[in-house]
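Report on the structure
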Amino acid sequence: MRAIDRKLLRDFKRLWIQAAAIAIVMACGVAILLTSVGMYNALSETRAAYYERNRFAEVFVHARRAPQSILSEVAAIDGVLQIEARITGYAVLDIPGRIESGMGHIISLPEYGDPLLNQPLLYSGRFPDPSSRDEILVNVPFAEANNLSQGSTVSATLNGRKRELTIVGTALSPEFIYTIGPGSLMPDNETFGVLWMPHVATAAAFDMTGAFNDLSLVLTHNARTEPVIDALDDLLEPFGGLGAHDRSRQISEAFLDAELSQLKGMAMVVPPIFFAIAAFLVSMVMGRIIALERSEIGLLKAVGYSNVEVCLHYLMLAVLIGAAGVVVGWVAGFALARTTALQYAKFFDFPYVIFQVSYWIYAAAALAGLLTTSLGAARSALKAANLDPAIAMQPPAPPRFKRTIIDRIIDGMRLSQPTIMIFRSLLRWPVRSAMTSLGLAFSVATVIATSYITDAMDEIVDVAFYLSNRQDAMVLFSEDVPESAVEDVLDLPGVLVAEGQQFHAAILRNGHLEKHVSIEARHPDADLSRVVDADKRVLTAPPGGVLLATRLAEQIDAQVGDVIEAEFLTGKRETFDLTVVGLTTQHIGLGAYMDQDYLNRLFRQEPRVSTVNIEIDENRLPELHRAIKDTPEISGLIEMNDNRRSFEETIDQNVSVMNGIYIVVAILITIGVAYNGARIQLSERSRELASLRILGFGRGEVSYILVGETMFLAVLAQPAGWLIGTWIASAMTSGFTSDLYAIPLVLTPRSFALGSLVVLIAAFASAMVVRRRLDRLNLVEVMKTRE
Amino acid sequence: MSAVDHTTSEQHGTSAPEGPDTPEVVFRTLGVTKVYDTGEVQVHALAGVDLTLFSGELTVLLGPSGSGKSTLLNILGGLDHVTNGRVWFGDTELTDLSDRGLTRYRRDHVGFVFQFYNLVPSLTARENVQLVTDIAPDPMPAHEALELVGLGHRMDHFPSEMSGGEQQRVAIARAIAKRPRILLCDEPTGALDSSTGVQVLEALRQINERFGTTTVVITHNAEIQRMAHRVIFFQDGQISETRVNETRIAPSEIVW
């Protein structure tokens, strides 16, 4: 090994704490890059493989009841490769060992052979015998959550008739990677299950012999989706078609896709911030090393090392630091990606995860890391290369301090000498001071930007569950029923209040823009389920129009007063012109609201309801569940309390894990910045501080200068950190917005305080660690050395 | 203008070599000036220096601080550029060389010894020498160079573990390890006490005699001139006097 390389390694060893502080920041960037890109690839590759192997359909449509005879016409649509007609419906489930009723999504299996599309992947047991009337296959998460296995029975109320069903197998399906029941916000596998039944039995149960109500299609390779969807809608129009759609509106796929784009966004935004901080730290440390090694640089040149060799020598030091960061980042990223993968496995029901972070991602992360540190060191290394050897051999000129207007201000403030020293040094290196402060500000921002999610989620829960949907449960019917059903529900045991509500699938059009939505209609005096806007005001949809969620209005470019077209896909399936009578900001879904009486008048129908919202006497809950399980007309009961519980649990788990990770990250950044800053300060000032000690200053007084400067910069970083945090949070808010939900920008003093506290404590601790070196300073030695 | 011919004790031909015994010219400078522009004032470090140095000679440059000795040494060593004038190393004109050419020149021909040793603290004595042997075209082994200066037993010690005299001898070993044609020493004993200084001077004399290395030593210490072949006095950026020693004394006889 060449002597100059040995010097490199020794320098690296000597600087290891500083190098580690930088390497860890770099490692964070690499780890997050690997995790987000790795997870993104794992999820999208798994999804692609799963969809391909299990023939996930490309176009979906639901109808009320369509005769099988039209299937040949569907198959004849240009571009259609394969079709599969099914019968689907909902059923109230009586699960053994549970008081609450559950809800089942029933799907028919083909009469002959295996399913062509959306094939369930058998996990245990077998498929039901096509001729059996009571055998079912259930989805794995439901079976596991309820301890159901082969041979267990579940009783289900199918279209008003209660039946005992026997589980003969469990399966997973590409249609239910994100298994969420109707009206729910989060998967709840205890109360929602998917049940596959033989075709004959399903047809008999839902009175669908010779008919179907659900159609899936796969298109030929080059086919365009739009014309097929249009042709399908025309064909199914007479049979209550609810509008065909591609995968983007398939609910499981929509959630999965939203998650994937979040991961992608994270991969693009977060790592560059870490890389930038690492580059800054490298440039700060390298700048100081070059200043300290001035005479060594002169010597290297004097003995004949070329400018390029000297430049490379210092660049290599930065590369070593970067390499250490990259290796730690690789390991951490691999572990973190696996942990995240497990976390995702709880959310998404994949039969397998193709977790394989390809080598090129490792290579790209390494390249990005090394390039960043080299870039950070470039200026200093070039400076070293350009240093004139004759000048380098002489001690550097003392830094120039000039009197400026600020000095006059400082004078006016009658500060102590040590305090003046702090200010002078900050002003002498304004860029470095500003960058140090900015680095600390990013730490503050990191905490704020993650901690705000907690508050945002609290806000969503608060608005969605405690202000908007205050009902204890929703009673579902297999189809709309006369409003008198509300009275019947009120007669059920334990029901204190009952209010009816209508839901209609509809297409809203404004010019060329259109959107599939669900229109909710309720009475203005409804108290259990209300429309609440972002300011927590209760709104009622006035008669004579439709009230739209702001995000929906934006998508179809509608303003208050505009007349839009509403094509109802349920009820009488008529098209009306509706005036937009108001807008409301909402967090979840794309809501459209109407006055129920106005809707009934439009439809020229007797008052009807789709669901009944109820308030329950908790003590009589078991009685109510028993009654519901035995009430044939009711197709399901959604318990909002279950919903709240599962939503809050899931959010709590994920958010606290994320918060924990990012607080650690913020601490690491702070240590990286504050420790290095203080070390450099100590190195530059050791003579000065030693002189003060010789002059009779105590250790505390001298430490004050060192710690004071760090803390002054840390305090200065707070407002900037709050601003950057707010900016990142609002960028995340708009980044996370999808049709499914919008995260509100809720910034509480708690987040700001947490961010500031974490960073101030970490900065203080870092400075105190450096302070200990001050105690070990050999006063005589320091004064004797040159420079 | 010319200072080279200011010989007081004995006339010594410098303008042209005479006869077969006349040693080979190593350095020749013509009207060299060096002006440092500090913005407010111009400092004339060298104000027209004409000088010839011969192969195998040990020359001592004497003069007060700021008289231009170090500036000249840096220029001869290819560390600094002249403002005006010309400098030759043998047949090569140094003032014509690019930065790359000067680097190559230093790497191949010049050894430096500095007042503050300028050892790399993170490298051992042997490694400090290797810093040079790694890149020189025909170096001697590092241990041999260290043995030459009497440090064969201290090879694996770090600079912080050595005395000042030892450190300076490592610096000399490092300078000679490349078998340089010229050895330039700027105040090599400036930071040392008398007895360690003598050890260092002894090492320099040995190298000069054994390898015939042309050696230039800058010093404040007038006693040291007595070990030189030739002594050049500097005053205000010019050569005020050149003296050739008829008899030289051994470093061990020098006291200060």
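Residues numbered from 1 in each chain as written. Chains lettered and ligands numbered in written order. Predicted model: local features only at pLDDT ≥ 70, side-chain atom pairs only at ≥ 80, totals over all residues. Heavy atoms only, no water.

So, on to the overall build of chain A. For chain A, the count of helices and strands is 22 helices and 22 strands. The dimensions of chain A, computed from C-alpha atoms along their principal axes, are 100 × 60 × 55 Å. Long-range pairs, those at least 24 residues apart, make up 83% of the contacts in chain A with a sequence separation of at least 6. Of the roughly 33000 Å² that chain A leaves accessible, carbon and sulfur atoms contribute 59%. One finds the centroid of the 67 positive side-chain charges in chain A at a distance of 19 Å from the centroid of its 85 negative side-chain charges. (Helix = DSSP H or I, 4+ residues; strand = E, 2+ residues; numbered from the N terminus. Contact = heavy atoms within 4.5 Å. Areas by Shrake-Rupley, 256 points an atom, 1.4 Å probe, with all protein chains shown as cover. Lys, Arg positive; Asp, Glu negative; His and termini not counted. Charge placed at Lys NZ, Arg CZ, Asp CG, Glu CD.)

Each side of the interface is counted separately: chain B has 25 residues, and chain A has 24 residues. Along the contact surface separating chain B from chain A lie three salt bridges. Taking the shortest distance from any N to any O, the salt bridge between E127 of chain B and R10 of chain A comes out at 2.5 Å. Linking chain B with chain A are 11 residue pairs in polar contact (both at pLDDT 80 or more). (Salt bridge = Lys/Arg side-chain N within 4 Å of Asp/Glu carboxyl O. Polar contact = N/O pair within 3.5 Å; in protein donor to acceptor, adjacent residues only side chain to side chain.)

Turning our eyes to something else, we now look at the sheet that holds strand 1 (residues 59–67) of chain A. Residues and elements named next belong to chain A. As summarised here, the arrangement of the four strands in space is 2-10-1-11, forming an open sheet in which the pairing is antiparallel. In the strand order of this sheet, the two ends are held by strand 2 (80–86) and strand 11 (245–246), each with one partner. Strand direction decides the pairing type here: strand 1 and strand 11, joined by two bridges, are antiparallel. Among the inter-strand pairings, F60 is bridged to a residue of strand 11, identified as H245. Helix 6 (residues 225–236) contacts strand 1, strand 2, strand 10 (211–219) and strand 11 of the sheet and is inclined by roughly 165° relative to strand 10. (Pairing = 2+ DSSP bridges. Axes fitted to C-alpha atoms, helices over the stretch in contact; angles between N-to-C directions.)

Moving on, we come to the confidence of the model for chain A. Caution applies to low-pLDDT parts of the model: their predicted coordinates are not meant to be read in detail. With 96% of its residues at a pLDDT of 70 or more, chain A shows a mean pLDDT of 87. Ranking the elements of chain A by mean pLDDT puts helix 22 (residues 779–784) of chain A last with 58 and strand 6 (residues 135–139) of chain A first with 96. (pLDDT = per-residue confidence, 0-100.)

Moving on to the packing of aromatic side chains. Residues and elements named next belong to chain A. Using the criterion set out here, one finds 17 aromatic pairs over all chains in the structure. A ring pair is formed by F176 and W196, whose centres lie 6.5 Å apart and whose planes are at 80°; its orientation type is edge-to-face. Placement of F176 in the loop between strand 8 (161–172) and strand 9 (192–198) and of W196 in strand 9 is noted, with a sequence separation of 20 residues between them. Note on W196: relative accessible area 2%, which makes it buried. The interplanar angle of 80° and the centroid separation of 5.1 Å between the aromatic rings of F423 and F712 together place this pair among those described as edge-to-face. A residue pair is termed long-range when its members are at least 10 positions apart, and F423 in helix 13 (residues 417–428) and F712 in helix 20 (residues 699–736) qualify at 289 residues. (Phe/Tyr/Trp six-rings, centres within 6.5 Å; stacked < 30°, edge-to-face > 60°. Buried < 20%, exposed > 50% of the residue type's maximum accessible area, 1.4 Å probe, protein only.)

Glancing now at the environment of L121 of chain A. All names here are of chain A. Mapped onto the fold, L121 is located in strand 5 (residues 121–125). For the pair L121 and G439, spaced 318 residues apart in sequence, the C-alpha to C-alpha distance is 50 Å. When sequence neighbours within four positions are dropped, the list of residues in contact with L121 reads N54, T170, A171, L172 and P351.

Residues and elements named next belong to chain B. Counting buried residues in helix 1 (residues 69–76) gives seven out of eight residues, a clear majority hidden from the surface. Among the residues making up helix 1, those that are buried are K69, T71, L72, L73, N74, I75 and L76. Looking one or two places after helix 1, you find G78, whose phi comes out positive at around 75°.

Let us now look at the nonpolar core. In a soluble, globular protein the nonpolar side chains are often hidden away together inside. Counting 112 residues, the largest nonpolar core has Y314 of chain A together with F27 and L131 of chain B as the members making the most contacts within it. Per-element accounting of this core gives the leading share, 14 residues, to helix 7 (residues 251–292) of chain A. Three or more residues apiece are contributed to this core by two domains, here domain 1 (1–60 + 251–397) and domain 3 (429–470 + 641–787) of chain A. Every residue in contact with F27 of chain B, bar those within four places of it in the chain, is listed here: L51, T52, L53, L76, W88, F89, L94, Y105 and I182 of chain B. Counting residues in hydrophobic clusters, the runner-up holds 54 residues, among them A258, I460, M474 and I743 of chain A. (Core = buried A, V, L, I, M, F, W, Y, C linked by side-chain atoms within 4.5 Å. Domains from an automatic or database assignment.)

Residues and elements named next belong to chain A. Running from N to C, helix 14 (residues 430–468) and helix 21 (residues 749–775) point in directions that differ by 145°, and their axes come no closer than 8 Å. For the pair helix 14 and helix 21, the sense of crossing is right-handed. The segment helix 14 lies against helix 21, with L440, S443, V444, V447, I448, S451, Y452, T454 and D455 engaging R750, S751, F752, L754, G755, S756, V758 and V759. The residue makeup of the contact of helix 14 with helix 21, split by class, is nine nonpolar, six polar and two charged. (Left-handed = near helix turned anticlockwise from the far one by under 90°. Nonpolar A, V, L, I, M, F, W, Y, C, P; charged D, E, K, R; others polar.)

All names here are of chain A. The domains assigned to chain A are domain 1 (1–60 + 251–397), domain 2 (61–250), domain 3 (429–470 + 641–787) and domain 4 (495–616). At the junction of the two partners, domain 3 supplies 16 residues and domain 4 supplies 15 residues. Here domain 3 meets domain 4 over a buried area of about 1300 Å², counting both sides, of which 46% is carbon and sulfur. Together, L467, R470 and D739 form the three largest contributors to the area buried by domain 3 at its contact with domain 4, with a combined 41%. For the pair domain 3 and domain 4, the number of links is three salt bridges. Inspection of the region where domain 3 meets domain 4 yields six residue pairs in polar contact (both at pLDDT 80 or more). The residue makeup of the side of domain 3 that touches domain 4, split by class, is eight nonpolar, four polar and four charged. (Buried area = accessible area lost by both parts, 1.4 Å probe.)

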